[in-house]
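Observations on chain architecture
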Amino acid sequence: MAIGKWIGGFLGLLNGGPLGALAGFALGSLFDTLTARNVKPTYIPDDDSHMTTESEGQRNGFLFSLMVLSADVIQADGRIMHSEMECLRNFLRNQFGSQAVTEGEQIIRRLFERRKQMGETWWRSQIDACCRQIAHVMTVGQRLQLVSYLVLLAKADGTVSPDEIQAIKNDAANMGIDPADVDQMTGLGGKTLDDAYKVLGISPDATDDEVRTAYRQMALKHHPDRVATLGEDVRKAAEKKFQEINDAKDRIYKARGIKK
């Protein structure tokens with residue numbers, strides 16, 4: 001698929017706004033580079049014929065939003081960590097292919113450049129506005145998947161700084177996502193019983209019925225079907241998160257002797 005169609009479908013979904021403005025800046029040089037090299041982007045594979053124009057727009061809007069919010073979180077503590085950039089590259093490579101790594105890195109570095117040019121006050125206002133725009137054009141499931149990715153990115157260097165958590169919670173709130181969901185997601189992938197309770201958003205003092213209710217709510221909220229329109233690769237990432245939620249539930253059930 002031609003890069004012009006990629007950008008056109010993406011901007012059509014977003015209908016301009018702050019994300020569209022950042023896209024114009026970040027994708028401008030990418031558009032020129034790829035056009036000169038006659039390279040097709042791999043975000044939407046040519047053989048992915050089952051995807052409609054609308055779903056292509058949703059997918060590309062999701063991917064660019066991911067780049068914008070990644071640029072926010074990576075620099076939240078004032079540093080650009082190699083481990084976080086490598087986490088971003090690996091995510092793009094594993095989910096969307098090698099060309100996505102090149103294009104994604106160009107996009108995010110252009111966003112870093114824009115942030116430096118315009119200053120922190122401007123950047124913060126733009127990110128807040130972008131998140132509010134995301135709240136209008138994406139489903140809750142899609143927004144939750146964005147937030148879970150940002151938590152994964154923040155954990156890439158082994159330490160989640162308070163500044164990173166605050167940035168994610170601020171972005172989540174502006175996207176209409178409860179900041180408490182961020183705390184739950186930081187427990188994903190943990191191996192302890194405390195991590196498991198954190199994932200379900202309950203305390204160890206919760207009753208068995210409260211445990212069951214918390215799990216049902218999490219399973220409904222994060223079910224992979226809720227991001228199915230974004231493509232099979234995004235769905236697979238959601239399935240991994242869903243499995244980690246089930247692992248947390250199983251750990252608690254085993255400790256309490258609750259039958260499944």
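Comments concerning the overall build of the protein chain
- Counting its secondary structure elements, the protein chain contains 12 helices and zero strands.
- Overall, the protein chain shows an N-to-C arrangement of helices and strands of α-α-α-α-α-α-α-α-α-α-α-α.
- Taking all 260 residues of the protein chain together, the buried fraction comes to 52%.
- Contacts in the protein chain between residues far apart in sequence, at least 24 positions, make up 74% of those at least 6 positions apart.
- Only carbon and sulfur atoms are counted for the fraction: they give 52% of the accessible area of the protein chain, which is about 11800 Å².

Looking at the environment of N246
- Looking at the element boundaries, N246 is found in helix α12 (residues 232–256).
- Among the residues examined, N246 registers a relative accessible area of 13% and is labelled buried.
- A polar contact of 2.3 Å, which involves the side chain of N246, links it to the side chain of Y215.

With respect to helix α7 (residues 140–154)
- Here α7 spans 21 Å end to end across 15 residues, near enough to the 21 Å set by a 1.5 Å rise per residue.
- Counting buried positions along α7 gives 13 out of 15 residues, so the element sits mostly inside the fold.

Some remarks on the packing of aromatic side chains
- Inspection of the entire model under this criterion finds zero aromatic pairs.
- The ring of Y215 is capped by K249, whose NZ or CZ atom sits 4.9 Å from the centre of that ring.
- K249 extends its terminal NZ or CZ atom over the ring of Y253, reaching a point 5.2 Å from the ring centre.

Structural notes on the nonpolar core
- In this structure, F64, L111 and L200 are the most contacted members of the largest nonpolar core, which totals 69 residues.
- No other element matches the 10 residues that helix α3 (residues 53–74) contributes to this core.
- The contact partners of L111, leaving out residues within four places of it in the chain, are L22, A26, M67, V68, A71 and W123.

About the cut-offs
Residues numbered from 1 in each chain as written. Predicted model: local features only at pLDDT ≥ 70, side-chain atom pairs only at ≥ 80, totals over all residues. Heavy atoms only, no water. Helix = DSSP H or I, 4+ residues; strand = E, 2+ residues; numbered from the N terminus. Buried < 20%, exposed > 50% of the residue type's maximum accessible area, 1.4 Å probe, protein only. Contact = heavy atoms within 4.5 Å. Areas by Shrake-Rupley, 256 points an atom, 1.4 Å probe, with all protein chains shown as cover. Polar contact = N/O pair within 3.5 Å; in protein donor to acceptor, adjacent residues only side chain to side chain. Expected span 1.5 Å × (residues − 1). Phe/Tyr/Trp six-rings, centres within 6.5 Å; stacked < 30°, edge-to-face > 60°. Lys NZ or Arg CZ within 6 Å of the ring centre and 35° of its normal. Core = buried A, V, L, I, M, F, W, Y, C linked by side-chain atoms within 4.5 Å.

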